[in-house]
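Descriptive analysis of the structure
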Amino acid sequence: MHIAYLYYVKKKLGRSAGRQSSYDAKGRVVVRITYVEHDGTKHEIEAPEDRSLMEVAVENMVPGIDGDCGGACACATCHVYVDDAWLSKSGEKSEMETSMLDFAEGIEKNSRLACQIKTSAALDGIVVRIPESQH
Amino acid sequence: MSQAAVKPEDTGIPDPYSLPLDQIDMGKAELYPAQAHWAYFERLRKEDPVHFCESEEFGPYWSITKFNDIVHVDTHHHQFSSEPQIVIGDAVDFQPPMFIAMDQPKHDVQRKVVTPAVAPMALSEIEPLIRERVGNVLDSLPVGETFNWVDLVSIELTTQMLATLFDFPFEDRRKLTYWSDVAASGPQVGDNSMTEEFRLQELTKCLEAFDELWKERLAEPRKNDFISLMAHHPDMQNMDPMEYLGNLMLLIVGGNDTTRNSMSGGVVALNQNPAEFDKLRADPSLIPNMVSEVIRWQTPLAHMRRNALEDVELGGKTIKKGDKVVMWYISGNRDDDVIDRPNEFIIDRPRARHHISFGFGIHRCMGNRLAEMQLKILWEEVLKRFDKVELVGEPVRVTSNFVMGYSDLPVRLHAK
């Protein structure tokens with residue numbers, strides 16, 4: 001039996017058994033992220049662990065996330081809205097992130113900077129919405 | 001063409017490698033119009049990236065020259081204060097307060113009051129107006145004749161924009177250009193063309209004009225121009241006159257010198273790199289990316305200054321509490337640890353937005369999106385009309401360690 005098929009079966013079983021994590025063909029954790037553009041266009045991306053949601057978006061050409069500073073929490077051009085179900089799991093905002101968000105446009109309670117959210121098994125399935133524009 | 005290869009000729013400026021390191025003073029304004037600063041910064045980045053200098057002109061200060069070190073200083077605003085000044089020189093007695101030179105919490109409060117005028121939503125509303133004006137200015141240019149691009153295009157367009165942002169009387173708009181030049185000049189940035197007394201006198205006229213507008217706006221319902229936003233906001237309406245002047249100077253210079261010199265810089269860059277001009281003509285969809293590359297390549301403001309609030313270790317050096325720290329954005333933008341082939345102008349450069357011209361952290365340029373939009377529209381409209389903007393003489397650059405600008409750019413337009 002082809003090894004990829006075994007992993008496919010494992011993945012299926014894992015899901016049906018209510019497992020939190022998914023795996024790629026090499027058995028590494030895969031975090032599924034859905035980015036929703038302002039016009040509703042969805043981008044479903046699978047990313048490895050320990051990457052920022054900004055990096056994943058930029059690498060996968062998701063429009064609307066710029067990440068000008070490269071992930072230093074210093075420009076607020078990766079502003080996203082985190083769906084309520086995921087907000088508490090996405091971690092606490094640092095003082096710097098709060099300051100930077102303060103100058104962005106259209107800030108809501110669930111606003112975050114995507115560079116400050118790291119992918120992990122706990123965030124598998126996370127949905128974030130992208131504002132109409134970054135400032 | 002590689003900028004680092006530019007050799008200053010007949011300027012009397014020594015080769016940077018002929019000097020002991022401690023005599024390298026990047027505050028010397030004459031380095032910049034001679035384009036000698038590139039080689040100086042290249043040496044500092046390699047040999048002494050966090051560099052201390054006892055300057056005769058500006059006193060002792062640190063030069064931060066590498067991209068990531070600059071980001072570090074810019075993002076540690078609790079350690080590096082923006083007060084009382086954000087340029088290298090200290091004011092003698094004329095130092096109006098402005099929010100760029102304030103720390104939290106007051107900085108945040110004031111910045112938020114005026115931001116709506118240049119926020120993306122406001123910009124999408126004024127885009128058609130900007131495009132119409134750019135078209136009008138370009139249609140009025142003398143095709144086939146030599147003229148100064150700085151005056152007829154860069155200054156004209158940025159000044160029109162400023163007049164709109166302040167809702168300043170349109171016919172008097174060149175006053176804004178003048179006040180911007182006065183505000184951004186002076187001994188504090190190595191310019192000795194105006195005394196402090198003269199600057200104070202001229203800027204007092206600026207304050208008087210804006211005082212009238214303030215009263216007028218206060219009597220009207222609030223709208224989305226800078227003056228109205230300030231006059232109607234409880235956090236700013238009680239500013240004393242000097243603080244009003246300081247913030248006016250900030251907003252005028254912030255929206256003027258920067259975009260103006262990027263509009264000029266693009267012409268210089270494309271002429272020095274004709275293959276890039278060809279690339280642009282072949283694919284105008286590269287314009288947004290090119291705009292970021294122009295802003296990086298030009299770095300219209302060379303530095304921002306901070307003051308250490310505590311001892312800080314950086315790059316193996318100890319910056320002492322109270323020390324003056326100058327972040328050289330113009331050098332960070334040529335740091336090959338972060339930017340690939342940094343001396344080259346590449347309009348389709350990957351990750352072109354990752355430059356340091358706007359600064360980072362809480363003091364990052366708030367008009368960045370407006371600047372990008374103005375430049376984008378300018379080049380879109382230029383390409384619709386002309387085959388080439390040909391630079392037909394040497395650019396004349398201003399003498400400053402702060403504003404990387406041009407006063408004269410002789411060009412000739414080639415019809416399409």
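You'll find the structure just up there.
Just so it is clear, the structure is predicted and the values come from calculations on it, not from any experiment.

Rules used throughout
Residues numbered from 1 in each chain as written. Chains lettered and ligands numbered in written order. Predicted model: local features only at pLDDT ≥ 70, side-chain atom pairs only at ≥ 80, totals over all residues. Heavy atoms only, no water. Helix = DSSP H or I, 4+ residues; strand = E, 2+ residues; numbered from the N terminus. Rg over C-alpha atoms; globule rule 2.2 N^0.38 Å. Buried < 20%, exposed > 50% of the residue type's maximum accessible area, 1.4 Å probe, protein only. Contact = heavy atoms within 4.5 Å. Areas by Shrake-Rupley, 256 points an atom, 1.4 Å probe, with all protein chains shown as cover. Lys, Arg positive; Asp, Glu negative; His and termini not counted. Charge placed at Lys NZ, Arg CZ, Asp CG, Glu CD. Pairing = 2+ DSSP bridges. Axes fitted to C-alpha atoms, helices over the stretch in contact; angles between N-to-C directions. Parallel < 35°, antiparallel > 145°, perpendicular 65-115°, else oblique. Nonpolar A, V, L, I, M, F, W, Y, C, P; charged D, E, K, R; others polar. Polar contact = N/O pair within 3.5 Å; in protein donor to acceptor, adjacent residues only side chain to side chain. 1 Å grid on protein atoms, 1.4 Å probe; cavity = no way out; pocket = protein on both sides within 12 Å on 5 of 7 lines; lining within 4 Å. Points joined across faces, edges and corners; volume = space filled by probe spheres on them. Salt bridge = Lys/Arg side-chain N within 4 Å of Asp/Glu carboxyl O.

1. Things to note about the overall build of chain B
Along the backbone of chain B there are 14 helices and 12 strands. For 416 residues, the compact-globule estimate of 2.2 N^0.38 gives 22 Å, and chain B sits close to it at 21 Å. Sorting the 416 residues of chain B into buried and exposed places 60% on the buried side. Counting contacts in chain B only where the partners sit at least 6 residues apart, residues at least 24 apart contribute 71% of the total. In the structure as shown, chain B presents an accessible area of about 16000 Å², 52% of it carried by carbon and sulfur atoms. For chain B, the separation between the mean place of its 44 positive charges and that of its 65 negative charges on side chains is 5 Å.

2. So, the sheet that holds strand E1 (residues 50-55) of chain B
Residues and elements named next belong to chain B. As summarised here, the arrangement of the 5 strands in space is E1-E2-E8-E5-E3, forming an open sheet in which the pairing is mixed. Of all strands in the sheet, those with a lone pairing partner are E1 and strand E3 (80-81), marking the two edges. Relative to strand E2 (residues 59-64), E1 is paired through 6 bridges, and the arrangement is antiparallel. Residue pairing in the sheet places Ser 55 in a bridge with Gly 59 of E2.

3. Here we look at the packing of helix H7 (residues 196-218) of chain B against helix H9 (residues 241-254) of chain B
Packed helix pairs are specified by the crossing angle of their axes together with the interaxial distance, meaning the distance between the axes. Residues and elements named next belong to chain B. Running from amino to carboxyl end, H7 crosses H9 at an angle of 95°, the nearest separation of the two axes being 10 Å. The angle between H7 and H9 places the two elements in the roughly perpendicular class. Along its contact with H7, which presents Arg 199, Leu 203, Cys 206, Leu 207, Phe 210, Asp 211 and Trp 214, the element H9 presents Pro 241, Tyr 244, Leu 245, Leu 248, Met 249 and Ile 252. The residue inventory of the contact of H7 with H9, partitioned by class, reads 11 nonpolar, no polar and 2 charged.

4. Observations regarding the side chain of Gln 79 of chain B
Residues and elements named next belong to chain B. Note on placement: Gln 79 falls in the loop between helix H2 (67-75) and E3. One polar contact links Gln 79 to Glu 310, side chain to side chain, over a distance of 3.3 Å. Once residues within four sequence positions are removed from consideration, Gln 79 is found in contact with His 72, Asn 307, Ala 308, Leu 309, Glu 310 and Val 312.

5. Considering empty space enclosed by the protein
Residue and element names in this part refer to chain B. For the structure on display, the rule yields 4 cavities of 30 Å³ or more. Taken as a whole, the largest cavity encloses approximately 120 Å³ of empty space. Residue lining of the largest cavity: 15 residues in total, with Gln 35, Gln 298, Arg 397, Met 404 and Tyr 406 positioned closest to the centre. Listed by contribution, the elements that provide at least two residues to the lining of the largest cavity are helix H1 (37-47) and helix H12 (287-298). Here the lining of the largest cavity is built from residues that sort into 9 nonpolar, 5 polar and 1 charged. Approximately 100 Å³ is the volume attributed to the second largest cavity.

6. So, the pattern of salt bridges
All names here are of chain B. What the rule picks out here adds up to 49 salt bridges over all chains. Where Lys 317 meets Asp 48, a salt bridge forms, and the shortest distance between an N and an O atom there is 2.5 Å. With Lys 317 in strand E7 (residues 317-319) and Asp 48 in the loop between H1 and E1, this residue pair connects regions lying 269 residues apart in the sequence. Judged by its relative accessible area of 12%, Asp 48 falls in the buried class. Ionic pairing is found between Asp 90 and Arg 305, a salt bridge with its closest N-O pair at 2.9 Å.

7. What about the sheet that holds strand E4 (residues 146-148) of chain B?
Residue and element names in this part refer to chain B. Spatially, 3 strands are ordered E4-E12-E9 in an open sheet, and the strand pairing comes out antiparallel. Each end of this open sheet is capped by a strand with a single partner; those strands are E4 and strand E9 (386-391). Strand-to-strand twist of the sheet, defined as the mean angle between neighbouring strand axes without regard to direction, takes the value 35°. Where E4 meets strand E12 (residues 410-415), 3 bridges bridge the pair, whose relative direction is antiparallel. Note on E12: the bridge partner recorded for Asn 148 is Pro 410. Strands E9 and E12 of the sheet are contacted by helix H14 (residues 368-385), whose axis makes an angle of about 110° with E9.

Any functional reading would require information that these geometric values do not contain.
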